[in-house]
Amino acid sequence: VQVDCPEDVDTYIHRVGRTARNESAGKSLMLLAKEEVKMVELLQERKIPVKKTLMNSSKLAPVESKISQQLTQDPALKHLAQKALVSYLRSIHLQRN
């Protein structure tokens, strides 16, 4: 399961390659935001099959308040979340595309 869009097709292939080893089959699920759908075109250009599944928007539930509450109650978790966010933003800044 890939929750963030890979920086390029080669990174996608590397990540997905871990799902299928030694000639066995594997499956991957990648969640993309509307702004990231260009990745689908890039995958298709490389002959990687893509099956698009739309989320049922009526099943979506906001999680911000629950996460905020947990972070308020656990300072150590809040510190780890802050470090993770900084690391993620740095990785996005360094992406090629």
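Everything here concerns the structure above.
Residues numbered from 1 in each chain as written. Predicted model: local features only at pLDDT ≥ 70, side-chain atom pairs only at ≥ 80, totals over all residues. Heavy atoms only, no water.

Q: Outline the overall build of the protein chain, supporting the account with residue identities and numerical values.
A: Counting its secondary structure elements, the protein chain contains four helices and zero strands. The order of helices and strands in the protein chain, counted from the N terminus, is α-α-α-α. Its C-alpha atoms give the protein chain a radius of gyration of 17 Å, more than 25% over the compact-globule value 13 Å for 97 residues. Projected onto its principal axes, the C-alpha coordinates of the protein chain cover approximately 45 × 35 × 30 Å. The burial tally for the protein chain puts 11% of its 97 residues in the buried class. Long-range contacts, defined here as pairs at least 24 residues apart, represent 55% of the contacts in the protein chain between residues at least 6 apart. Here the protein chain has roughly 8600 Å² of accessible surface; of this, 56% comes from carbon and sulfur atoms. Here the protein chain carries 16 positive and 11 negative side-chain charges, and the mean point of each set is 4 Å from the other. (Helix = DSSP H or I, 4+ residues; strand = E, 2+ residues; numbered from the N terminus. Rg over C-alpha atoms; globule rule 2.2 N^0.38 Å. Buried < 20%, exposed > 50% of the residue type's maximum accessible area, 1.4 Å probe, protein only. Contact = heavy atoms within 4.5 Å. Areas by Shrake-Rupley, 256 points an atom, 1.4 Å probe, with all protein chains shown as cover. Lys, Arg positive; Asp, Glu negative; His and termini not counted. Charge placed at Lys NZ, Arg CZ, Asp CG, Glu CD.)

Q: Describe the packing of helix 3 (residues 64-73) against helix 4 (residues 75-94), with residues and values.
A: As a packed pair, helix 3 and helix 4 sit with axes 5 Å apart at the nearest point and diverge in direction by 120°. The orientation of helix 3 relative to helix 4 falls into the category oblique. Taken together, the residues of helix 4 that come into contact with helix 3 (itself represented by Gln-70, Leu-71 and Gln-73) are Pro-75, Leu-77, Lys-78 and Ala-81. Split by residue class, the contact of helix 3 with helix 4 holds four nonpolar, two polar and one charged. (Axes fitted to C-alpha atoms, helices over the stretch in contact; angles between N-to-C directions. Parallel < 35°, antiparallel > 145°, perpendicular 65-115°, else oblique. Nonpolar A, V, L, I, M, F, W, Y, C, P; charged D, E, K, R; others polar.)

Treat this as a map of the structure, not an account of what it does.
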